[in-house]
Every structure is written in C-alpha cells, then in structure tokens.
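Geometric and topological summary
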Amino acid sequence: MADHRRTRYFSRSLRATALAVALVLPVTLISAPPAQAAPEAVTEAQLPACADPSVPEDINHASIRLEGPTAGSEVAVDANGKIAINGYLHKQATMVDVSIEKTTSSSFTFGPPPPGVTNWSASWTTSMRPPHLGPVQVCSRAQREPGRYAKILRDITVVDLIPPSNVPSLAVGTITATSAKVTWGAATDNYGLAGYEVTVDGGTPQRTTVGTRSYSITGLQPTSNHTVSVVAIDLAGNRSATPARASFTTDALPPPPDVDAGLTLDPDEGGATASWHPDPTKEASYRAYLDDQIYDQFSVEQLCEDGNGNVANPCTADSVIKLPIEPLEEYTPYAFRVEALRADGTVARELAGDFTTMIHVDEVSPATTQTTASETSQCAGAGGDFYIAASARSTVPVPAGSTEVFLGCYRASNSSCLDAFLPPSGEKLLDCADNITDMLFAVAPSGRGPVISSVDAPQARLLVPSPVAPIAWCASGACATLLAPIAETVEVVAVAPAAAAGISWIVVGAAGIGIGLVLGVLLAILFPSTIGVNGLIEYPIEHDVDFDTFDNWGLDEGEWYNSLKVYAEVIKTTKLVADQRDLDFAWDSSEDSRLKRIIDAACTAQRGTQGKAGCDDNVIVYVPGAKNYRGADMTETGRHIVTAMGDGGFPQPPTRAVWFYPARSEGGQAARSRGYTRSWFSTPQFMPNACDVRVPGQTCDEFPFWSTDQAVDLTGQLASLKLVSSAESLPQGNDLSAFYGKCKVTNETKFIVLPVKPWVEAGGLSFAFKVSGGGASLCMTPVAP
C-alpha cells in the first residue's frame, strides 16, 4: 500500500458529505456506476517540492545554483519571520520560483553574477516565511530551455531564536475574598504566538490561547497577598524575556447573606427554591419579589407541602411553603423578598434574603481546554505532525520512529499521506497510509476507520465508542493532527477562533477500498431518489439506517444537508439514551415521518423562507425531554412544549412556527424592556388564562421560555400557559441554564427548540447539539445513570 498510495476526491457537489467511521465494505458488494468513478490516482512520487508533473525536470542541473542556505544547516528566521534564500542563474536559464514545501514565491531581487564567471547571468535573492519551523525542504527552480526545467532540492532546519515581546498592560480586577481576574494586552512575535502562560504565586503555569488574554484565579484565601505573572509563548516555545507581574490582596470575607430567620434559600444553577413555615392563623396569601420586581402571588394552600413533599391538606404551622424561582441566570446574585398577607391584604410579616445561583460544571475544565488548544498550535507551528493531549497519552500508541518535539508533540517518520492534504480544503477521502493514518486506525472503533474532523469526529460524547477524536488543527499555515478524548475535542473546537487556528476536516477511509467504488455505493444508499421539496423535504434515509457508519448527507451544494444531520443526531441520541435507560422507546415509520415533518418546520423557521427547509450552518438545537438532562422529572413541562408546538405535527396556529427559533434573552430582558414582569399572566390584561385558577401543588409554566426573546406576546402570538407540578419548575430552569452554558448560547444567540413527542412520552432526557459544516456534535449530553 505504501508504494502505491492513492488519493481520490469527492465531487464538489457534495458540500459536506462525510463518513463518520470506516468504510470497511465487502468488495463483493460494491459496484460503481461509471459516472461515479473517481479520477486517476496521483502518486506521491509525482509530487516532489515545487514540481509541475506536466513538464520534465532535472534535479541539481547546472543551470541554477542554490548558495544559501546550505544543506543540513540550521537557519533562524529574522525579525519578520522570514529566511533568506539566494543563488545564481545560468545565462541560458530563467528563474521560475522558490518553494519551502507548499509555500511558493516568484518574487526575486536580481544582482550581478559572481566575479570572473562568464556562464552565470545574475545572482538572485528572495526571502520567505517558512510554513512551519523544524525540518523543511527548500526548492529553487529555473527554466533552462523551453519545456525543460532544472531544480535544486535542499533539506534544512528552520529555527526561531527571537522571543516574543513582553506582555503589556497586566492588570488584576474583579477581586473578591476568594478570587480575582487577570487581564493583559497582546504580545507580538516575529513568527507567531502559541499563547500565554499564567503563574500564580510561583505555582504550576497555566496556558491560554492567543486570543484568550484573561485568567480567573479561584480558591484563594480571604485577605491574602498574591503575585501573578504572565509571559507570551511563541510557536518555537520561546518565552518573553521579562514576565509581566502584578500583586494584589483579596478582600475580607463578606458577612453571610442577610436571610431572615425562618426563610431558606436553596440555589441551583438555573433557579432556586425559597421555603418557609406558614402561619395559617394570620396569613392568607403571599406576594414574592425578585430583585424588587413582583415574581408571584399565591394563596397559602397553593404551595403548602407536608414533610413528605406532598400537598398539605390542611396547611398547618408544621407545613412548609416551597416556592420555585426560575429560570435564572447561572452564577448570578439575586435579592428575594416575600410578604405574608392577611385576608384583608395587609402585610402580616416580611421575609427577605440574598442568594447566588450555582455555575454549571463543564465536563472538561477551561484550563485543560486552553492548554490543549495552545500546545496544539505550538506543535503545528513547530513542525510537529501530531499532538496527543495529556488526557489521551495513555491510550494513543506513538508510532515507531517518531521524534518528540516537546511533551505530547511529535514528528512522524512518515506523514506523506496526510501532508498531501493539509491544510484541508473541500471534501477529500484518503485511500493511502502513513504512520499517522496507521495510528488513527489503531485508536478507531473496532472494524471502522477514523475521522479527522473539527466537528464530525466528536459526534457526541456518548455516541462514539473510540477513546479519542482526532481533528486537523492548523495554525500559522501549518497543520498537526490533534488526538484528545471526545469531550475535550468538543471544547477545543469551540475555542478555535480565539486560538488563531483554522481547523477543517478530512476523512480517512479504510485501506484497500477504491474510493470511486465507495462513492458509488454511498450515493446508491444515501440518495436512492432525488431530494426534492414539495412543502417538505424528501429524506433519502430512514430511522433504521446505521448512522454510525454513514453519518452526514448533502446534495445540491448542501441545500438540505443540515436538516438531514439534525434528523440523524436526534435518531442516534434517542436510540442511545433509550438503550442506556432501558426506556420503552423505538422509532417506527409513522413517528419517523412526524419527526421529519417537525424538523422541516423548525428548519424552515430558522431559514426564514417559507417552503425552504434546511438549517443554516452553526445552528444549535435543544430537544426537551420528560426529564431534564440530569434525569429530574419534567414530564408535564415537556408535554406542554410538545402541545404548544402542534402536538407532534405542524404548529397550530401556524403563527407559532416562529417559536421554533428563539434567541436567548438574559434575565428575560426582552420582556422586561416591554414592561412585562415574570408574573405577567396574573395581571388583568391577560386574564382569563389557563393559570388564573391556581391548583394546589402546581405552578404556571409558559412557552416560549421567559429567558428568550419570544416570551409573553413578543411575537404577536400570546405565549402558551399550562399549570404543571411545582416540582418541575426547578428541573426545567436547570435544563435551560445548562443548555445555555454548555452549548455557549450567549445573549441574543438564536437556537432551535425541537419538541419530539414520542421522546417525551417515553420519558426521555433532554439533550442538545450543534450542527456545522462537518457534522453534528452533542453539547449538552444526557447524564448517564
């Protein structure tokens, strides 16, 4: 295979077609129509540096001389990140170009020939930025006669000996009793930065990416002194000559929250529970305030519970009033106050307190994500072929003959297969082998092949059985293959823009399968009929397809492919979680058809053009369940969302279709700015409604969510209201908070709400995922039991 490596290309009409895992198909089952045959193979031997295979070339012909750099030398980049290349040109030759691997220049400065030598017409010089540091091949090329070329190939090692500038404008702010936030300005470097290194009190340095110029220090003691230093690190691993330093003192420990005796505030990430004992002899109802705005008003019997959490009847002084407060923003302080009212409406007593909601816990710490992204950028820029994250080093076998550049970063003895395709562009399927592809096959699921992808490989943290998910990571014009655990890969992809890394995806197929044959089979399986639209998209796939083998679909320049990926992700995730939780759930043809229709309706709302399905790139999808992502019950709430959006069919009335595609509104600001309060449904303006006759043990649920730009009647369609168990309020608030945090849904970010009726009826858990050009990946994963 190594002597006959072949590369084939997918048709550009398949905008994002990919195979999520190996294409190990029995050859006897494959037959390719001639129209789908791939182009002739191009072997690596035909593709040396600065070559044009269509014309004959002579290596080291006397028509051109390469004086510097000398063979085997170590050459340092200058203050502009370039190296100088020079030589002489024969009188009968014409300079064409100079290349350093895939970087080519035809810009030359010509000077006099060497003294006393008549055969040479001129000297020539140029300067170029190497695509990466480390070993590179320089090629100078000239045309010595019409149709014939001469070239000189020379191996050198490029180094960078100039450290980055010192870090400017280091400052410490947002100081509390136990934490502080450090910020700094951008450093500069002659060749390129990999990131920054932050050290607190001389401890273990922590890395950040180029675009992340802040660091939160936590776990400090009150009224304690600390010193923080920051240096810049370039792609060669050089550090700033003088670290930037700053000192600070943490605040004194604040007094405990001012909470009245008898009031308990129990915060969670997306809400809180306020509880107190009633005095039924004096108190008839309660009026609650959140941050001095009315939150709710209810009778004593409405939220009165006994010691077992059941509705108390009668409500006594030994009972407990429990008021759920949601949805709230995570890690945010709130002031709560409740007035106990007598039957005549006068205030019998008042309880008040403060609380701060909790923060969601990332599966991978931000420090780990930042370090992996920064060091992968450094590995690529330093000429490394692959970087193994610290958390994956025990599971990934380093190919024999590899050279360690720094811890975790290696140069492979043979990377010729992938080198021909990096940086990636377009859709390419490789049928070749080298040390890196062999390594990727070794860590791929049994019987399958690996995917190198920014968004496709981490298909879902629960859905890919492989321990690692490799991606192609390109920084400063050079690329390396990153191998990290799936959850870590998902987070690293999210910080790519701040890491100054351009990442793209390619697919590595199984060895020994002709790509043209495989493509023919894929088209026959995935597209048995034309994808068209008659108000709806015609899906060429069914729920029982092996989605772990054929993952992404696209046709007509990707016009429909994201709708299909949304469909595939819902099918895969529900199947997996149903199996994990032993749920009585399975897709059948009728439910499959309904799912396709609801996805089309949601994607049409997202696209904003009626009759045109298909979600745009980078859409985020939230699928509510009968339980939240942590398994807490919200059955009635999940059913309410389904009913509000058409009970599994098209929204009724049709004006509700816009509800599929809301935007986040932090703190419900969209509704507040229009003059609405959280208890808007209790005002005469909106009565009567489904919540104005309060049932003990129930609270009012509304959809669209208060935390979106579609709450109340902001769309011109009054929000749907339903009484649900008060025990479901906090689970839904936590679900939304986790979705916003884990899927990086910031203020005004739009997303799709996708209610799947059979999933709610089966007791499924909520989940969420992102869809991009390379595939779909879970961002809020259902928590396994």
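Throughout what follows, the structure given in this document is the object of discussion. The structure presented is a predicted model; accordingly, all values stated were derived computationally and were not measured.

Some remarks on the environment of Asn-313
- Topologically, Asn-313 is positioned in the loop between strand S23 (304–305) and strand S24 (320–325).
- The exposure class assigned to Asn-313 is exposed, which follows from its relative accessible area of 74%.

Considerations on the nonpolar core
- Residues Leu-595, Val-623, Phe-739, Leu-754 and Phe-769 are the most contacted members of the largest nonpolar core, which totals 52 residues.
- For this core, the elements supplying multiple residues, two or more each, are helix H6 (561–581), helix H7 (589–607), strand S36 (619–623), helix H8 (635–644), helix H10 (729–742), strand S39 (752–753), strand S40 (767–772) and strand S41 (775–780).
- Counting residues per element, this core draws most heavily on H7, which supplies seven residues.
- Residues contacting Phe-739, with those up to four places away along its chain left out, are Ile-620, Val-621, Tyr-622, Lys-744, Val-745, Phe-751, Ala-768 and Met-780.

What about H10?
- The terminal C-alpha atoms of H10, which comprises 14 residues, lie 20 Å apart, in line with the 20 Å expected from a rise of 1.5 Å per residue.
- A positive backbone phi angle near 55 degrees is found at Lys-744, which sits one or two residues after H10.

Examining H7
- For H7, which comprises 19 residues, the first-to-last C-alpha distance of 27 Å matches the rise-based estimate of 27 Å (1.5 Å per residue) to within 8%.
- Taken together, the buried positions of H7 are Asp-592, Leu-595, Lys-596, Ile-598, Ile-599, Asp-600, Ala-601, Ala-602, Cys-603, Thr-604, Ala-605 and Gln-606.

A few points about the pattern of salt bridges
- Inspection of every chain in the model, using the stated rule, returns 17 salt bridges.
- Between Asp-97 and Arg-141 there is a salt bridge; the shortest N-O distance is 2.9 Å. Placement of the pair is Asp-97 in strand S6 (residues 94–100) and Arg-141 in strand S10 (residues 134–145), with a sequence separation of 44 residues. One exposure class covers both Asp-97 and Arg-141, and it is buried.
- Among the ionic pairs, Glu-666 bridges to Arg-664, the shortest N-O distance being 3.9 Å.
- On the basis of relative accessibility, which here comes to 37%, the residue Glu-666 falls in the partly exposed class.
- Bridged by salt links that share partners, the residues Arg-287, Arg-337, Glu-339 and Glu-350 form one connected network.

Notes on the side chain of Thr-699
- Relative to the elements of secondary structure, Thr-699 occurs in strand S37 (residues 698–703).
- Engagement of the side chain of Thr-699 in a polar contact is seen with the side chain of Ser-729, the distance being 3.0 Å.

Considering the packing of aromatic side chains
- All told, the structure shown has 22 aromatic pairs when counted by the stated rule.
- For the cation-ring pair, Arg-337 lies above Tyr-289, with the distance from its terminal atom to the ring centre recorded as 4.1 Å.
- The side chain of Lys-750 reaches across the aromatic face of Tyr-661, ending 4.6 Å from its centre.

A look at the state of the cysteines
- Enumeration according to the criterion identifies five disulfides in this entry.
- The residue that forms a disulfide with Cys-474 is Cys-479, at a sulfur-sulfur distance of 2.1 Å. On the sign convention where negative means left-handed, the S-S torsion of about 105 degrees between Cys-474 and Cys-479 marks this disulfide as right-handed. One exposure class covers both Cys-474 and Cys-479, and it is buried.
- In this model Cys-691 forms its disulfide with Cys-700; the gap between the sulfur atoms is 2.0 Å. Disulfide Cys-691-Cys-700: torsion about the S-S bond near 80 degrees, hence right-handed. With respect to burial, Cys-691 and Cys-700 carry one shared label: buried.

The rules behind these values
- Residues numbered from 1 in each chain as written.
- Predicted model: local features only at pLDDT ≥ 70, side-chain atom pairs only at ≥ 80, totals over all residues.
- Heavy atoms only, no water.
- Helix = DSSP H or I, 4+ residues; strand = E, 2+ residues; numbered from the N terminus.
- Buried < 20%, exposed > 50% of the residue type's maximum accessible area, 1.4 Å probe, protein only.
- Core = buried A, V, L, I, M, F, W, Y, C linked by side-chain atoms within 4.5 Å.
- Contact = heavy atoms within 4.5 Å.
- Expected span 1.5 Å × (residues − 1).
- Salt bridge = Lys/Arg side-chain N within 4 Å of Asp/Glu carboxyl O.
- Polar contact = N/O pair within 3.5 Å; in protein donor to acceptor, adjacent residues only side chain to side chain.
- Phe/Tyr/Trp six-rings, centres within 6.5 Å; stacked < 30°, edge-to-face > 60°.
- Lys NZ or Arg CZ within 6 Å of the ring centre and 35° of its normal.
- Disulfide = S-S within 2.5 Å.

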